[in-house]
Each structure stands twice: as structure tokens, then as C-alpha cells.
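Residue-level listing of the chains:
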Amino acid sequence: MGGASYDELLGELEGRGVRRAKIGGFDVDGVLRGKYVSMEKLRSALSGGFGFCDVIFGWDIGDVLYDNARVTGWHTGYPDAHAVLDPSTRRLVPWEPGTVAMLADFRDAEGGAHPACPRSALKRVIAHAESLGYYPKLSAEYEFFLFKETPASLHEKRFQKLESLSPGMFGYSWVREGQHKDLMAAIFDGMRAFDIELEGLHTETGPGVYEAAIRYDDALRAADKAALFKAAMKQLAYEHGLSVTFMAKWNAKLPGSSGHLHQSLWKDGENVFQGPPSEGGISRQMRHYIGGQLACMREMTALVSPTVNSYKRYVPGVWAPLTATWGFENRTAALRIVGAGTKSARVEVRQGAADINPYIAMAATLGAGIYGIENAIDPGAPITGDAGEGGEGRERLPRTLTEATALLAESQRMRKILGEGFVDHYVRTRQWEVRQYERAVTDWELARYFEAI
């Protein structure tokens, strides 16, 4: 867009009563870092970009400074990173009248993609797919737990003995959904007004747990929506006196929260994954796409399972995949093939939990799939029945962030797919995350050892 176009855009926004903007971008942990600006500042930011302190790539999810980062730190003085707004991401904020939201990409000193910018990493993978003639369509679905708590009460209780939105398990319950009909309407309607259309919303099995399926879209817009959904859901919950968590496993006695990704590739308006019945309904490109993801799955696990807590979900019997496997309509496999033989044919990536950074998870899995197509990687035979740890030829997925990060650090494939700079920075952040966990003294340790040892 040029200056005249920006004037037209701003005039349109001001005509709709917009008086301020919220602008920002996502860090490696998927936290939306941003600020309010005036309409005058928005005009300047649209035309020339704006500075944003690059400490957002120099600290962790708790705002504690890394001691091992290269992209920024005390050695650089934490300068401003150059941020460039993407006007196509603009959306009115329904719970903040008079406010427009817009996302930014971060650039390095030479004007290229900042090595720590997750959105830029995904754009790199999309551009490569498009150079081969493929246009990816993606979507995300999240499970999340709701509580009758506020930010203050969560901290006062130290995240213990929390009151769930509703008791009992009640998966797919019309009763529970109906009992909270005002909240359900607020989520459906609020998300639609925020340009995040949901295809489905229902209770999962667990107290106060829901699943939301976001409608598919072109890859970058799908990632924007998936990332913004979490921030929006936290705001909507707060408006209703509630809190929400997207932790992979917030309670050892309850099921974890998944973050599944649905993926397909399109060319000339057709889904290239659709295949003939003689081939099981999947195309040669889809087989190779599956093969690429399986080949890369162990070494990209840290990108799909980014926290120490992610791996608490990888236990038998709770629907989280334990092996690098694929199968038709098989929910125990890491890759579930849905809609084979139809124009809706797609891969459901089931490895990730709700704690994914969708930009990174989508970039890694999409990039691995394209790698499979380019190298004609065959996935082998699909799994039938339980795809758990037992069985010949089933590669075990990493069980800890330590193991997963070590595999990623050695992965030349993921460095080529996502960029050397991005993978180097990401590995350093996960190594830091592991070290913070190793220093912690947990409630489990106190209860087990304090008196008896």
C-alpha cells in the first residue's frame, strides 16, 4: 500500500469511529507483545514502520532475560527492532470499542526477516511452497480449561485448588454448553466479529474444558487467527469473570489439552491431496507430504511441543501420540488422514498441544511436508489399531524437552526449512527453558521427600 492508500484506510477507520490502535507481534513463546498508539502514530507506522524494543526476543515467557541469546542482549544494548505492519491483519476489537488491531513482522538491521520472528519463519515456508505451485490451507483446533478465577485469585491461590467453570467430565455435553449459553454466544459471536470464524465449539471430557475449531484459511491468515484466538479467549474469559489456560497438561489427574493442525495443499483451485480410490483416496503428493512429516517428526518435536509441560501429556491412554505414525481416521496416530478421496482430504497433525505457537508449529510441519514432496519420501504403511509405543518400525517420539531440543539442534533439515538463524535462536530459548525447570523445586518433590527422606 502507498501513502494515498494508507490515507484511504485511515479515513475509513476513523469513519467507523476508530480512535486508537493496538499494534504488535508474537514472540517465540506465542505471547502477543504490543501497545496502544494514536491514529497519528498508526499513520506513521504504516508508512515507515516503527521501532519496538527487541528485548521481546531477549527474554522468556516470564520476562526473565536469557543468558545465552545471540540476537540481542546486554552485548547489543537491547536496541529497537524494526517492525512493519501488515494492513491485511487489521480487525476491529469488539470488546474495545473505537480500537483497531494490526499485526507486525519484525526485520533485522539489513531489512530482512528478523531471525527470531515466528511469523517471518512461517512466511518463509509459505513462499517456498508457493514457488513449487502449492498453496497451503490450514486450520487449528484448541482445547482449553475455564475457571471461575481472576488473575488475582490465580496468583493468590498459587494456581492450586481452582474452581472450574463446571464440575464433572461431560464431554460433548449439550447440557453443560446450554448452561453456559451466554458465554458460548459471546465466544462464537465475539470471535466472528474479531475475524476468527469458528466451525465448532463443544465441551471436552473434563471439568470446564472446551474445544474450539477455527475455520480453515490460507496459511498465514490461519496462523494469525490461531495465534490471536488465545489472546482473544483470555480477554473474553476475563470479561465474564473467568480465566482460561492453554497449558498442555495443567492437572496430572485430568486429560491434557490438544492443539491439532489440519493441513492441505491446493493448486489451480483443486485440493492436490485428493486421490483415487485405488490409492486409498490420497494422492502421490499427499503420501510424500506425510512421509516428510514422519521423517522430520522427531527432530521437529521441540517446535511443536515447546514447553517442559508439553511432555507431561505424552503418556499412554490420553490421546496424545507416542510414535511417528500415520493412519486413516486413526486418532491414536500422530498424523490422522481425514476425508480421503474427497475435496476435503487433509492431514490432521495430532502431536501438538494447546501450548503451541501456531506460527512455529505450522511452519515446521508444513515445511516438513513440502520437504517430503520435494524428496519423494514414502511414509510406509498406515497404522491400524493402537499406534502406541509397541510395534515394529514405530519411531518413539521424544519424551522430554531436553531430548527434543538436542534433536532439533542437530537437525540440518529444519535449519534449511526454517532458516539457520531462527533455529539457532529457538534452540537457545529451549535450552534456557530446560535449565529454568531443572532449578525449580516442585510441589511433588516437597510432598514426596520433605518428611520421609
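Calculation criteria
- Along each chain, residue indices are assigned from 1 in the same order as the chain's sequence is written.
- It should be noted that, the model being predicted, local features are given only for residues of pLDDT at least 70 and side-chain atom pairs only at 80 or more, the latter also being counted only at that level, while totals for whole chains, interfaces and linings use all residues.
- Here the side-chain values reflect all heavy atoms present in the structure, with hydrogen atoms and water set aside.
- UniProt positions are given in the numbering used here, feature names are shortened, and annotations may be inferred rather than shown by experiment.
- Secondary structure elements are taken from DSSP: a helix is a run of H or I of four residues or more, a strand is a run of E of two residues or more, and numbering for both begins at the N terminus.
- By definition, residues are in contact when any of their heavy atoms lie within 4.5 Å.
- Patch membership is restricted to residues that have no salt bridge and whose relative accessible area is over 30%. Joining uses 9 Å for like charges and 5 Å for the nonpolar side chains Val, Leu, Ile, Met, Phe, Trp and Tyr.
- Accessibility throughout is a Shrake-Rupley quantity obtained with a 1.4 Å probe, and a residue counts as covered only by protein chains that appear here.
- Counted as salt bridges are all cases of a side-chain nitrogen of Lys or Arg within 4 Å of a carboxyl oxygen of Asp or Glu.
- Accessible area is worked out with a 1.4 Å probe on protein chains only. A residue is then buried under 20% of its type maximum, exposed over 50%, and partly exposed in between.
- Nonpolar cores were defined as sets of buried Ala, Val, Leu, Ile, Met, Phe, Trp, Tyr and Cys residues, with membership established by side-chain atoms within 4.5 Å.
- Of the two site types, the cavity is a set of points on a 1 Å grid over the protein atoms alone where a 1.4 Å probe fits but cannot get out, and the pocket is an open set with protein on both sides within 12 Å along at least five of seven lines, each lined by residues with an atom within 4 Å of a point.
- Grid points are joined across faces, edges and corners, and a volume is the space filled by probe spheres set on the points.
- Ten residues, namely Ala, Val, Leu, Ile, Met, Phe, Trp, Tyr, Cys and Pro, are considered nonpolar, four, namely Asp, Glu, Lys and Arg, are considered charged, and the remaining ones, Gly among them, are considered polar.
- Cysteine sulfur pairs qualify as disulfides if the two atoms are within 2.5 Å.

An unreviewed UniProt entry annotates the protein chain as Glutamine synthetase originating from Polyangium jinanense. Looking at the protein chain in UniProt, the text filed under Sequence similarities (unreviewed entry) is "Belongs to the glutamine synthetase family."

1. A few points about unusual backbone geometry
The phi dihedral of Phe170 is positive, around 55°, even though this residue is not glycine. Although it is not a glycine, Ala376 adopts a positive phi angle of roughly 50°. Residue placement: Ala376 occurs in the loop between α10 (358-374) and β18 (395-396).

2. What about the environment of Ala237?
On the secondary structure map, Ala237 appears in helix α7 (residues 219-239). Discounting chain neighbours no more than four positions away, the residues touching Ala237 are Leu146, Leu242, Ser243 and Val244.

3. Structural notes on a nonpolar patch on the surface
Taken together, the side chains of Val441, Leu446 and Phe450 make up a nonpolar region of the molecular surface, amounting to roughly 350 Å² of accessible area. Position of Phe450 among the secondary structure elements: in the segment after α14 (443-449). Residue classification places Phe450 among the exposed residues on the basis of a relative accessible area of 66%.

4. Topic: the nonpolar core
Ranked by internal contacts, the top residues of the largest apolar core, which has 93 residues, are Phe144, Phe229 and Leu303. Among the elements that make up this core, the one with the highest residue count is α7 (eleven residues). Once you skip the residues sitting within four places of it in the chain, Phe144 turns out to touch Leu201, Gly208, Val209, Tyr210, Ala212, Phe229, Met233, Val244, Thr245, Phe246 and Ser257. Counting 25 residues, the second-largest nonpolar core is a separate cluster that includes Leu10, Val18, Ala21 and Phe57.

5. Notes on the layout of surface pockets
Any space left empty among the atoms is revealed by the rolling of a water-sized probe across them. By volume, the second largest pocket is sized at about 950 Å³. Along the wall of the second largest pocket there are 41 residues; nearest its centre are Glu141, Glu211, His262, Arg336 and Glu348. Secondary structure elements with two or more residues in the lining of the second largest pocket: β7 (135-147), β8 (198-203), β9 (209-214), β12 (259-267) and β17 (346-349). Classifying every residue of the lining of the second largest pocket by side-chain character gives 13 nonpolar, 15 polar and 13 charged.

6. As for the state of the cysteines
In this structure the tally under the stated criterion is zero disulfides. As a non-bridged cysteine, Cys117 has Cys53 as the owner of its nearest cysteine sulfur, 15 Å distant.

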